[in-house]
Amino acid sequence: MKHMNLEQHLIEIFQEFHQFPELSNEEYETTARIRRILEEAGIEILELPLKTGLVARIEGKQKEPVIALRCDIDALPVCEETELSYKSKNAGKMHACGHDFHTTAMIGTALRLKEKQQDLNGTVKILFQPAEESSNGAVHIINTDILSDVKAIFGVHSAPDLAVGEVGIIVGPATASVDRFEIEVTGVGAHAAHPDLGIDPIVISAHIITALQTIVSRNLDPFDTALISVTNLHSGSTWNVIPPTAYMEGTVRTLNAKTREFIPSRMRCIAEQVAAAFGAKAKLNWHPSTPATNNSKVWAEFAKQIAIEKSLQIAPYSVSLIGEDFAAYQEKIEGVFLFVGTGKNFPLHHPKFYVDTNAIIGSVEYFVHLAEQSMNRLA
Ligand code: NI
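The rules behind each value
Per chain, residues are indexed from 1 in the order of the written sequence. With the structure being a predicted model, the display of local features is reserved for residues of pLDDT at least 70 and the display and counting of side-chain atom pairs for 80 or more, all residues being used for whole-chain, interface and lining totals. With hydrogens and water set aside, each side-chain value is computed from the structure's full complement of heavy atoms. For this analysis, a nonpolar core means a set of buried residues of the types Ala, Val, Leu, Ile, Met, Phe, Trp, Tyr and Cys, connected via side-chain atoms within 4.5 Å. Buried means the residue's accessible area, taken with a 1.4 Å probe over protein chains only, is under 20% of the maximum for its type, while exposed means over 50%, and partly exposed covers the values in between. In this description a helix means any DSSP run of H or I spanning at least four residues, a strand means any run of E spanning at least two, and both kinds are numbered starting from the N terminus. Between two residues, a contact is recorded if the distance between any of their heavy atoms is within 4.5 Å. For two strands to pair, DSSP has to find at least two bridges joining them. In this description, a line fitted to the C-alpha atoms serves as the axis of each element, helices being fitted only across the stretch in contact, and the angle between N-to-C directions of two axes falls anywhere from 0 to 180 degrees. In what follows, a disulfide is any cysteine sulfur pair within 2.5 Å. Each domain's extent is set by a domain assignment, obtained either automatically or from a database. Put simply, buried area is the surface a 1.4 Å probe can reach on two separate parts but cannot reach once they are joined, added for both. Distance and chemistry together define a polar contact, namely a pair of N or O atoms within 3.5 Å, with one atom able to donate a hydrogen and the other to accept it when in protein, and with adjacent residues in sequence counting only for side-chain atoms on both sides. The residue classification treats Ala, Val, Leu, Ile, Met, Phe, Trp, Tyr, Cys and Pro as nonpolar and Asp, Glu, Lys and Arg as charged. All others, Gly included, are polar. Throughout this description, the term salt bridge denotes a Lys or Arg side-chain nitrogen within 4 Å of a carboxyl oxygen of Asp or Glu.

### Examining the nonpolar core
In terms of nonpolar packing, the biggest core is built from 61 residues, with I126, F128, L338 and Y366 touching the most fellow members. Per element, the largest residue contribution to this core is 10 residues, and it comes from helix α9 (residues 359-378). Apart from residues lying up to four places away in sequence, Y366 is in contact with I169, A303, I306, A307, K310, L312 and L338.

### Brief notes about the sheet that holds strand β12 (residues 281-288)
Taken in spatial order, the four strands of this open sheet run β9-β11-β7-β12, and their pairing is antiparallel. The open sheet has two edge strands, β9 (226-235) and β12, and neither has a second partner. Ignoring strand direction, the axes of neighbouring strands in this sheet form an average angle of 20°. As judged from the eight bridges shared by strand β7 (residues 177-186) and β12, these two strands associate in the antiparallel manner. If you follow V185 over to β12, its bridge partner there is A282.

### A short note on the environment of G42
Here G42 lies in the loop between α2 (28-40) and β1 (44-45). With 69 residues separating them in the primary sequence, G42 and L111 have C-alpha atoms 9.2 Å apart.

### Observations concerning the state of the cysteines
Tallied over the full model, the rule gives zero disulfides. Between C79, a cysteine without a disulfide, and C97, which holds the nearest cysteine sulfur, the sulfur-to-sulfur distance is 17 Å. C79 sits in the exposed class, given a relative accessible area of 51%. Taking relative accessible area as the criterion, C97 reaches 6% and is therefore assigned buried.

### Concerning the domain arrangement of the chain
Structurally, the chain comprises domain 1 (3-175 + 293-378) and domain 2 (177-288). When each unit is reduced to the centre of its C-alpha atoms, the spacing between domain 1 and domain 2 is 38 Å. For domain 1, the biggest contributors to the area lost against domain 2 are P173, L321 and G323; these three give 77% of the whole. If you look at where domain 1 meets domain 2, you find one residue pair in polar contact (both at pLDDT 80 or more). The class makeup of the residues in the side of domain 1 that touches domain 2 is four nonpolar, two polar and no charged.

### Some points on the pattern of salt bridges
Scanning the entire structure with this criterion turns up 14 salt bridges. Close ionic contact of E39 with R35 constitutes a salt bridge, the shortest N to O distance being 3.4 Å. Of this pair, E39 and R35 both sit in helix α2, four residues apart, which is roughly one turn of the helix. Judged by relative accessible area, which is 28%, R35 ranks as partly exposed. E44 is the salt-bridge partner of R57, the closest N and O atoms lying 2.8 Å from each other. Placement of the pair is R57 in strand β2 (residues 54-59) and E44 in strand β1, with a sequence separation of 13 residues. Assessed through its relative accessible area of 24%, R57 is described here as partly exposed.

Here it is, written out as structure tokens:
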């Protein structure tokens, strides 16, 4: 591949990924496409027990140190509403989170690093991770044990709130922990004309929901960040019967492990004791998912320096309470999850979200330089 052709080649690759989005853990065609492109370039693909996704390895003139670059490859169950000539051909599925861009940028990075293989002072593993949206893909990769020799890891996300040529790099958490909860309230059903003969779970649920709002406002340090949202509430089936039970579910987002541990204990206490005050029972079911990302100060400053060397603008950027399972790698390896401007437009997961393809080649050049220089730094 000639350099002058790489950008056009990558835009074509990007458009093809965009047209054929696949959901979490179903990225068979996507994986086959990545594999084909990498194999054509003679890039080594590790034999791993992965259903979807893959890991490429580019070993330099010396094997160590080893660093990793990570992208995610899955799409969302969103009906695309863009006017792009290459819009999704898979009905009801869309690359609405830019993972097609991440994948393309990492393919470009792999192609460039392959050309420079003999000059590299170490090994680069490039993770094409499945199932980021369902939050279990990072665990699939970690379970293959290919990260045991990795000394630093970098992950990318498209930023539709940054212009092309801008990057957002945060020290500390960049995304939140994402946990799900359910609360089941058990009262006593009755005729609507006789609330005195029942215990109304709907009134009790309303008290529980209101009381849950006091955890963030009254129990946390005002400078800490967290959110608790009840997003689904269900009880009853008609107008003239007090139902026996109510069900609610929702999400909790935090930025540090201490707060993440504290909130469910407080929620359980509120749910059970508010219900008890009304003579009912409540049960909290807690479903932990991904932790908060946590960018190492040293590597975040390093990644900024590399961006400046590549003439990228460091844009002010704020932590977001979205989830990102890149956090699972950072529990084991120091690294940075950073944001690359893909042109200001609709937000992530929006049916009109799109990526400005001018962002591709600059990202490739950035990640190539970041990989090379981080190996030099570790060597
Ligand atoms: Ni995403």
